[in-house]
Amino acid sequence: SVLIVLVGRPGSGKGTQGPVIAERLAVPYLSTGDVLRAQVAAGTDLGRRVSALINRGELVPDDLMVAVVAEALGDTGKDDGYVLDGFPRTLAQAQVMERSDSPLGAPDIAVHLALPDTAVHERLVRRAREDGRADDADPAVVDRRLRVYTDETEPLLDHYRRRGILVTVDGDQPPD
Ligand code: AMP
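Let us look at the structure shown here. Please read these numbers as outputs of a predicted model, since none were measured by experiment. (Residues numbered from 1 in each chain as written. Predicted model: local features only at pLDDT ≥ 70, side-chain atom pairs only at ≥ 80, totals over all residues. Heavy atoms only, no water.)

1. With respect to helix α8 (residues 139–153)
(1) Moving on: Between its first and last C-alpha, α8 extends 20 Å over 15 residues, near the 21 Å set by a 1.5 Å rise per residue.
(2) Moving on: When we look at burial in α8, the residues that qualify are V141, V142, R145, L146, V148, Y149 and T153. Projected down its long axis, α8 shows its buried positions confined to an angular sector of 160°, all on one face. In this structure, α8 carries P139, A140 and D151 as exposed residues pointing more than 90 degrees from its buried face. (Helix = DSSP H or I, 4+ residues; strand = E, 2+ residues; numbered from the N terminus. Expected span 1.5 Å × (residues − 1). Buried < 20%, exposed > 50% of the residue type's maximum accessible area, 1.4 Å probe, protein only. Arc of directions from axis to C-beta.)

Pasting the structure below:
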């Protein structure tokens, strides 16, 4: 069963393409952002710990995220395969996955949805209207998330390129 991770800026289409890819390959789709927002909405302990971070556009700590993904994958872990949207977002998260004892498994394919910085704001303004995400509506928070992407997440591209599993797709096109 195939293990796929999606990498791309906020608004690059991970949440649009992820479910399509997952359905085509008959593997689960998991968005860590969706999981965290559901926890915030439900008012759980985890939700209370992460809501301020999400609203500021900061990352949730790596150890917490690894636990969240392991829990969300459930008992079968990586055995059913997956399409992960929003994880890993740091090199440390990617390295944890690759440890031989990790229930998350090392990805087979990393899909980079390439979208220029300049296209992000327009897409997120639209998503803020449609989905009501507070972290999309505030331009300062969007800027913060873009900076976090550049600093923390973009290094994953070289990491996966070196491993020979990076596939880059032009994300600046209509979804189909
Ligand atoms: P997303 O829906 O992927 O844009 O994620 C929304 C927010 O959830 C991010 O801005 C982070 O605050 C948090 N988040 C989601 N996935 C991760 C992750 N892998 N590591 C750290 N924070 C995350």
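2. Things to note about the pattern of salt bridges
(1) Moving on: Following the criterion strictly, the structure yields 13 salt bridges and no others.
(2) Moving on: The closest approach of N and O atoms between R99 and D101, which form a salt bridge, is 3.5 Å.
(3) Moving on: A relative accessible area of 56% means that D101 is categorised as exposed.
(4) Moving on: Ionic pairing is found between D136 and R127, a salt bridge with its closest N-O pair at 2.8 Å.
(5) Moving on: By relative accessible area, which is 3% here, D136 ends up buried.
(6) Moving on: R127 sits in the partly exposed class, given a relative accessible area of 23%.
(7) Moving on: Residues joined by salt bridges that share partners form a network here, namely R127, R133, D135, D136 and R145. (Salt bridge = Lys/Arg side-chain N within 4 Å of Asp/Glu carboxyl O.)

Limitation: the analysis is restricted to geometry and does not speak to function.
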